[in-house]
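Spelled out from the first residue to the last, the chains are:
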Amino acid sequence: MRLILLGAPGAGKGTQARRISAELGIPQVSTGDILRDHIRRGTELGLRVRGYLDRGDLVPDSLILDIVGDRLGREDCRAGYVLDGFPRTVPQAEGLEALLERMGQRLSAVVALETESEALVRRLSSRWTCAGCGADYNAMAAPVPDRCASCGGVVGQRDDDRAETVRHRLKVYEEQTAPLILHYEGLGRLRRVDGLAPVEVVFRAILATLG
Ligand code: AMP
């Protein structure tokens, strides 16, 4: 199963990708997680991309395509993967198609998590994230622990989840990523799921679209 999860920041891509990964036994490939890991480790790539993430801007397509090319070529991706946060621009989608062709692979499905922006601003500004495993905690639903219940990692707010950066990320999404919905719809690949439903309902709906 080779799956793309599309959706605005805060639509639930990370949460759903983790569940799909566990359910189907395929890796979650999150470009955001890969970039944050480089920044944490202070690699050369991390230093190059840090400013983009802090501002909520997109990292240049060529860098992202290199990262994804490297990741999808690894052994654990042979049986499939769920792409979370990639592609984010039409050139990235085209780059992915070229990459898949070179690897002799085809996408199984593109699932769009549909949302609306005010709900996303509320969600993201109350989202706390584990620095270890990426698990999300909702500060509006329950008190957030200092340490992650799953892996014991430190739980904190992502710098780019502050309200003003969130609004900018949503604008970037509308301008650069939303056109992908039409792109995949045009290719007859798109399946839509209500991303504002409860997590479990969204998860079941995604599995149902995969047939
Ligand atoms: P995410 O964790 O998916 O919300 O991504 C966090 C940030 O990483 C984004 O705001 C971008 O700065 C960067 N990023 C992640 N994925 C991509 C991508 N596919 N293309 C460009 N930038 C990305």
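Here the structure is shown first, and the text comes after it.
Residues numbered from 1 in each chain as written. Predicted model: local features only at pLDDT ≥ 70, side-chain atom pairs only at ≥ 80, totals over all residues. Heavy atoms only, no water.

Here's the deal with helix α6 (residues 117-125)
- Within α6 the residues assigned to the buried category are A119, L120, V121 and L124.
- Measuring from the side-chain oxygen of the N-cap residue of α6 to the backbone nitrogen of E118 gives 3.3 Å; that N-cap residue is E116. (Buried < 20%, exposed > 50% of the residue type's maximum accessible area, 1.4 Å probe, protein only. Helix = DSSP H or I, 4+ residues; strand = E, 2+ residues; numbered from the N terminus. Polar contact = N/O pair within 3.5 Å; in protein donor to acceptor, adjacent residues only side chain to side chain.)

Some points on the sheet that holds strand β1 (residues 2-6)
- Taken in spatial order, the 5 strands make up an open sheet running β2-β3-β1-β4-β8, and their pairing is parallel. Where the open sheet ends on each side, the last strands, each with one partner, are β2 (28-30) and β8 (190-194). With direction set aside, neighbouring strand axes in the sheet form an average angle of 25°.
- The pairing of β1 with strand β3 (residues 81-84) spans 4 bridges and is classified as parallel. (Pairing = 2+ DSSP bridges. Axes fitted to C-alpha atoms, helices over the stretch in contact; angles between N-to-C directions.)

Some remarks on the site of the ligand
- Lining the immediate surroundings of the ligand are 17 residues, of which T31, R36, D57, G85 and Q92 lie closest.
- Take G85: an N or O atom from its main chain is 2.9 Å from a nitrogen atom of the ligand.
- R169 places a polar side-chain atom, nitrogen or oxygen, 3.4 Å from an oxygen atom of the ligand.
- Considered on its own, the ligand offers 480 Å² of accessible surface; in the complex 96% of this is hidden by protein.
- Among the elements of the structure, α2 (31-41) and α3 (44-55) are those that each provide at least two residues to the shell around the ligand. (Near = heavy atom within 4 Å. Areas by Shrake-Rupley, 256 points an atom, 1.4 Å probe, with all protein chains shown as cover.)

Let's talk about the side chain of R158
- Within the secondary structure layout, R158 lies in the loop between β7 (155-156) and α7 (163-177).
- For R158, a relative accessible area of 18% corresponds to the buried category.
- Within polar-contact distance, the side chain of R158 engages the side chain of D160 at 3.0 Å.
- Among all residues touching R158, those that are not within four sequence positions of it are R36, R127, T129 and R169. (Contact = heavy atoms within 4.5 Å.)

Digging into the sheet that holds strand β6 (residues 136-138)
- The strand order across the open sheet built from 3 strands is β6-β5-β7, with neighbouring strands paired in antiparallel fashion. A strand with exactly one partner marks an edge of an open sheet, and here the two such strands are β6 and β7.
- Judged from the 2 bridges that link them, strand β5 (residues 127-130) and β7 form a sheet pairing that is antiparallel. Paired with T129 across the strands is G156, a residue of β7.

Concerning the environment of T89
- Following the sequence through the fold, T89 ends up in the loop between β3 and α5 (90-103).
- Residue T89 is classed as buried on the basis of its relative accessible area of 7%.
- If we skip the residues at most four places from it in the chain, T89 touches L58, D61, Q176 and L180.
- A polar side-chain atom of T89 sits 3.0 Å from a polar atom in the side chain of D61.

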